[in-house]
Amino acid sequence: MRLTTKSVTKGRSQDQGHETHNQIDPMIEMWKFSMLDLGRRDFDSAYKRVLDSGDDIYLLRLMHHTGPITNRLHPSVSKVVLTRINELMGSNFLAQMTVDWVQNAVDNGQADLIDGESLELTMGNLYEVSAHDSDIGVNAAELYSVFTSAYNMDSSPSM
């Protein structure tokens, strides 16, 4: 499963050399209305609106904004939120994204941009993800090995 985002490019036209927006991005509108729902303390409507959009980034953003509020949501809404967040957690999308970005930096000769504290964080994350019994774990282990060799490091993290 992959993290989903839905975004529509804004319609634009040229008017005397200036760009004008023909329509507002539906995701921005959805978020605006969700925030209005929160302002009215209508948590169910805010969560339903975001869940109906199918955009996981906005769901995570809303969850971060409200904090855990299962006790304030209708049980059916809470159930959908809990199910979705557990699906996201199981997808390892952040781990996959991290490995993809680090791999891209290595492939494009930009691995030296990862240094200092960032290198320590990267190494710790790669080490942790390498324990996954999947392709992502194998890829993370290979990248970890690349970095330990390149920086003449011990193969165990200093955590």
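Computed from a predicted model, the values in this text were never measured in an experiment.

Calculation rules
The residue numbering used here restarts from 1 in each chain and proceeds along that chain's sequence as written. Residue-level local features of this predicted model are given only where pLDDT is at least 70; pairs of side-chain atoms are given and counted only at 80 or more, and the full residue set underlies all totals for whole chains, interfaces and linings. No hydrogens and no water enter the side-chain calculation; it runs on all heavy atoms of the structure. In DSSP terms, a helix is any run of H or I states spanning at least four residues, a strand is any run of E spanning at least two, and both are numbered starting from the N terminus. Residue exposure (1.4 Å probe, protein chains only): buried if accessible area is under 20% of the type maximum, exposed if over 50%, otherwise partly exposed. With residues, only the protein chains shown are counted as cover, and all accessible areas are computed by Shrake-Rupley using a 1.4 Å probe. By convention in these notes, a salt bridge is any Lys or Arg side-chain nitrogen within 4 Å of a carboxyl oxygen on Asp or Glu. Pairing of aromatic rings covers Phe, Tyr and Trp, the last counted by its six-membered ring, and requires centre-to-centre distances within 6.5 Å; plane angles under 30 degrees mean stacked, over 60 mean edge-to-face, and any other angle means tilted. Polar contact is the term for a pair of N or O atoms within 3.5 Å; when the atoms are in protein, one must be able to donate a hydrogen and the other to accept it, and sequence-neighboring residues count only if both atoms are side-chain atoms. Each residue carries a pLDDT score, the predictor's own confidence in it, on a scale running from 0 to 100. Throughout, a contact is declared for two residues whenever any of their heavy atoms are within 4.5 Å. Axis lines are fitted through C-alpha atoms, for helices just across the contact stretch, and the angle between N-to-C directions can take any value from 0 to 180 degrees. The labels follow the angle: roughly parallel below 35 degrees, roughly antiparallel above 145, roughly perpendicular from 65 to 115, and oblique for the rest. Each crossing gets its handedness from the near helix: less than a right angle anticlockwise from the far helix is left-handed, clockwise is right-handed. Residues were grouped as follows: Ala, Val, Leu, Ile, Met, Phe, Trp, Tyr, Cys and Pro as nonpolar; Asp, Glu, Lys and Arg as charged; and all remaining residues, including Gly, as polar.

1. Here's the deal with the overall build of the protein
- The number of helices and strands found in the protein is seven helices and two strands.
- Across the protein, helices and strands are ordered from the amino to the carboxyl terminus as β-β-α-α-α-α-α-α-α.
- Residues classed as buried in the protein amount to 30% of the 159 residues present.
- Accessible area of the protein: about 10600 Å², with a carbon and sulfur share of 52%.

2. Description of the pattern of salt bridges
- Tallied over the full model, the rule gives five salt bridges.
- A salt bridge links Asp37 to Arg49; the shortest N-O distance between them is 3.0 Å. In this pair, Asp37 sits in helix 1 (residues 26-39) while Arg49 sits in helix 2 (residues 43-53), placing the two residues twelve residues apart along the sequence.
- Judged by its relative accessible area of 1%, Asp37 is buried.

3. Observations concerning the packing of aromatic side chains
- Applying the stated rule across the entire model yields three aromatic pairs.
- For the pair Trp31 and Tyr58, a centre-to-centre distance of 5.3 Å together with 40° between the ring planes defines the contact as tilted. Taken together, the positions of Trp31 in helix 1 and Tyr58 in helix 3 (residues 56-66) put the pair 27 residues apart, joining distant regions of the chain.
- The exposure class of Tyr58 is buried, given its relative accessible area of 15%.
- Judged by centre distance (5.4 Å) and plane angle (55°), the rings of Tyr127 and Tyr144 are tilted. Linking Tyr127 in helix 6 (residues 116-129) with Tyr144 in helix 7 (residues 135-150), this pair joins segments that are 17 residues apart in sequence.
- Owing to a relative accessible area of 8%, Tyr144 belongs among the buried residues under this scheme.

4. So, the side chain of Ser53
- The residue Ser53 is located in helix 2 in this model.
- Within the local environment of Ser53, its side chain forms a polar contact with the backbone oxygen of Val50, the two atoms lying 2.6 Å apart.

5. Some remarks on the confidence of the model for the protein
- Per-residue pLDDT for the protein has a mean of 86; in total, 82% of the residues score no lower than 70.
- Ranking the elements of the protein by mean pLDDT puts strand 1 (residues 12-15) last with 40 and helix 2 first with 98.
- The low-confidence segment residues 7-20 (pLDDT under 50) makes 24 contacts with residues lying over four places distant or belonging to another chain.

6. Here's the deal with the environment of Phe43
- Positionally, Phe43 belongs in helix 2.
- For the pair formed by Phe43 and Arg72, sequence separation is 29 residues and the distance between their alpha carbons is 7.0 Å.
- In this structure Phe43 touches Leu38, Ile69, Arg72 and Leu73, once residues within four positions along its chain are discounted.

7. Concerning the packing of helix 3 against helix 4 (residues 75-91)
- Look at helix 3 against helix 4: their axes get within 11 Å of each other, and the N-to-C directions meet at 115°. Judged on the interaxial angle alone, helix 4 and helix 3 are roughly perpendicular. Pair helix 3 / helix 4 crosses with left-handed handedness. Facing helix 3, whose interface residues are Asp56, Leu59, Leu60 and Met63, helix 4 presents Val81, Arg84, Ile85 and Leu88.
- Tallied by class, the residues present in the contact of helix 3 with helix 4 amount to six nonpolar, no polar and two charged.

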